[in-house]
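What the coordinates show
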Amino acid sequence: MKLKGTNIVIDTAWGDSGKGKFVDVFSHSADLVVRFNGGANAGHTVVNDYGEFKFHLIPTGIFNPNALSILAGSVALSPLTLVSEIEELRKKSVKISEKNLLISEYAHIIMPWHIARDTLRETARGASKVGTTGRGIGPLYADRTERIGVRMGDMLRENFEEIILRELAWQKQLISIMNVNNDDIYGEMLDKDKILADFRAAKEVLAPMIGNPLPIIWKAQKEGANILGEGAQGMLLDIDLGTYPYVTSSHPGITGFSIATGLQQNDIQRVIGVTKAYQTRVGSGPMPTELTGKVGDKLRELGNEYGATTGRPRRCGWLDLPALRYSLQIGGINSIALTKIDILDGMDEIKICTHYEHNSRRYDTLPTADAEFMAEAKPIYKTMPRWQSPTEGIKNFIDFPKEAQKYVKFIEDSVGVKVEIISNGPARNEVFYRIE
Ligand code: IMP
């Protein structure tokens with residue numbers, strides 16, 4: 001399957017919808033693949049002829065020898081994670097150099113103090129913790145906003161080590177104030193010699209690949225090249241429009257792509273919203289359709305719903321159409337990719353949330369992702385006819401059981417956006433395209 005022009009792939013919910021597979025497929029016909037938000041909090045698995053990989057940062061375009069993979073300026077970049085991913089790829093004979101990987105000089109660097117602060121903040125929050133991935137994402141973006149961040153371009157400066165030491169000095173003070181339990185682990189994490197040694201080693205590997213991707217992106221777009229935007233996390237985790245404070249710290253949708261590239265909605269052909277056939281969430285925060293009993297457990301087991309980055313069990317529930325309509329609105333999404341429909345093959349009953357009730361009012365669309373509103377909203381379900389034979393293994397959508405076809409049609413009719421892609425298994429070829 002080939003996409004022409006500029007297209008982006010994002011997640012319509014709280015992440016983990018299975019974007020990685022499409023990004024992998026589409027990246028084979030892309031000229032540029034741009035990862036535009038988040039950092040090592042994301043995780044996806046790619047299985048191909050080179051082996052199995054669990055990536056947090058490297059864009060999937062790295063497997064296309066003709067594509068340039070870009071880590072944009074708005075990515076929370078952990079040089080140490082990136083180096084270990086590059087090393088793993090090189091071990092498996094994937095060539096990586098400045099010819100196929102460009103790291104924006106404007107990307108902010110995850111430092112050990114960000115990870116320490118992430119953990120300390122979560123501990124301080126106690127029962128109301130966000131349930132972060134512990135990768136330092138929030139503190140990194142906080143430092144960016146406070147305009148004290150260290151960026152990849154700084155790595156190339158002669159005084160890089162001075163910059164680190166200056167920053168380390170005051171971050172240590174901050175951490176000692178936050179560290180109310182006096183855990184001694186933070187001393188180890190902030191060991192000056194270890195930090196300098198780690199960053200010297202990372203610089204050796206990464207320096208040739210650091211540069212400014214913006215003119216390259218603009219030129220490619222003007223010349224009609226195929227540009228693929230690879231989003232991380234999901235629309236409902238957007239820092240501004242998500243279920244604040246239970247959100248990540250970046251923009252997982254089209255806004256994030258624009259900030260990262262300087263390209264705008266008019267420049268984009270398709271914004272593909274990847275939507276799981278049921279709902280999942282990892283971490284804290286409201287989830288109106290969550291099923292806490294046996295049905296939820298069954299979805300988790302059948303769907304193998306455990307976090308790719310942290311291994312945490314994901315909360316599971318029925319597909320939430322009011323939340324999906326909201327995501328389509330805020331994400332500028334004009335195409336849906338529905339994933340994991342095969343997981344519903346094994347369910348004795350299938351429901352779908354058509355609308356909410358809140359204070360005696362009906363809401364077809366989530367009017368705000370305000371965490372309190374969402375926690376109070378009552379999901380109203382429609383029971384869908386379940387299918388008797390599996391979708392798994394079927395090679396054409398028209399051969400799907402009629403009820404499964406109806407499920408797909410019901411979703412697209414309810415939300416007014418076409419389901420152009422349907423995935424019925426983990427392998428790359430277990431997917432149907434309804435794109436003309
Ligand atoms: P953070 O991004 O690590 O700060 O975590 C904030 C929230 O976003 C938590 O609820 C995480 O579980 C969630 N989150 C972050 N990255 C991902 C992801 O890639 N998939 C799903 N959830 C994520």
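Treat the numbers as computed from the prediction; the structure is a model and nothing was measured.

The rules we used
Residues numbered from 1 in each chain as written. Predicted model: local features only at pLDDT ≥ 70, side-chain atom pairs only at ≥ 80, totals over all residues. Heavy atoms only, no water. Core = buried A, V, L, I, M, F, W, Y, C linked by side-chain atoms within 4.5 Å. Buried < 20%, exposed > 50% of the residue type's maximum accessible area, 1.4 Å probe, protein only. Helix = DSSP H or I, 4+ residues; strand = E, 2+ residues; numbered from the N terminus. Contact = heavy atoms within 4.5 Å. 1 Å grid on protein atoms, 1.4 Å probe; cavity = no way out; pocket = protein on both sides within 12 Å on 5 of 7 lines; lining within 4 Å. Points joined across faces, edges and corners; volume = space filled by probe spheres on them. Near = heavy atom within 4 Å. Polar contact = N/O pair within 3.5 Å; in protein donor to acceptor, adjacent residues only side chain to side chain. Areas by Shrake-Rupley, 256 points an atom, 1.4 Å probe, with all protein chains shown as cover. Nonpolar A, V, L, I, M, F, W, Y, C, P; charged D, E, K, R; others polar.

Examining the nonpolar core
Grouped together as the largest cluster of nonpolar side chains are 68 residues, with contacts concentrated most on Ile341, Leu344, Tyr356, Tyr407 and Ile411. No other element matches helix α11 (residues 321-331), which puts six residues into this core. With residues near it in sequence (within four places) discarded, isoleucine 411 still touches Leu319, Leu321, Leu324, Leu338, Ile352 and Val419. Counting 42 residues, the second largest nonpolar core, distinct from the first, contains Ile86, Phe199, Ala202 and Leu206.

Section: unusual backbone geometry
Cis peptide bonds are those with omega within 30 degrees of zero, and the linkage from tyrosine 244 to proline 245 qualifies with 5°. Within the chain, arginine 147 stands out as a residue other than glycine whose phi angle is a positive 65°. By the element assignment, arginine 147 lies in the loop between α4 (137-145) and α5 (160-178). At lysine 340, a position not held by glycine, the phi torsion is positive, near 60°. Here lysine 340 is to be found in the loop between β15 (335-339) and β16 (350-358).

Some details on empty space enclosed by the protein
One simple way to see leftover space: roll a probe sized like a water molecule over the atoms. Applying the stated criterion to the full structure yields three cavities of 30 Å³ or more. There is about 110 Å³ of room inside the largest cavity. If you trace the largest cavity, you find 16 residues lining it, with Thr12, Ala13, Lys276, Tyr278 and Gln279 closest to the centre. Breaking the lining of the largest cavity down by element, the ones donating at least two residues are β11 (270-276), β12 (279-281), β14 (319-320) and α11. With three residues, β11 is the single largest residue contributor to the lining of the largest cavity.

Remarks on the site of the ligand
In the vicinity of the ligand, 16 residues are found, and the nearest of them are Asn41, Thr133, Thr248, Val282 and Arg312. Within the side chain of glutamine 233, one N or O atom sits 3.2 Å away from a nitrogen atom of the ligand. Valine 282 places a polar main-chain atom, nitrogen or oxygen, 3.1 Å from an oxygen atom of the ligand. Against a free-state accessible area of 470 Å², the protein chains account for coverage of 97% of the ligand. Taken together, the residues that form the shell around the ligand break down as six nonpolar, eight polar and two charged.

Quick word on the layout of surface pockets
When its volume is computed, the second largest pocket comes out at roughly 280 Å³. Considering the residues around the second largest pocket, the lining is formed by 16 residues, among which Ser78, Leu80, Ile110, Pro112 and Ile115 are closest to the centre. Take the lining of the second largest pocket: its biggest share by element is four residues, from helix α7 (residues 192-206). Looking at the lining of the second largest pocket, its residues break down into nine nonpolar, three polar and four charged.

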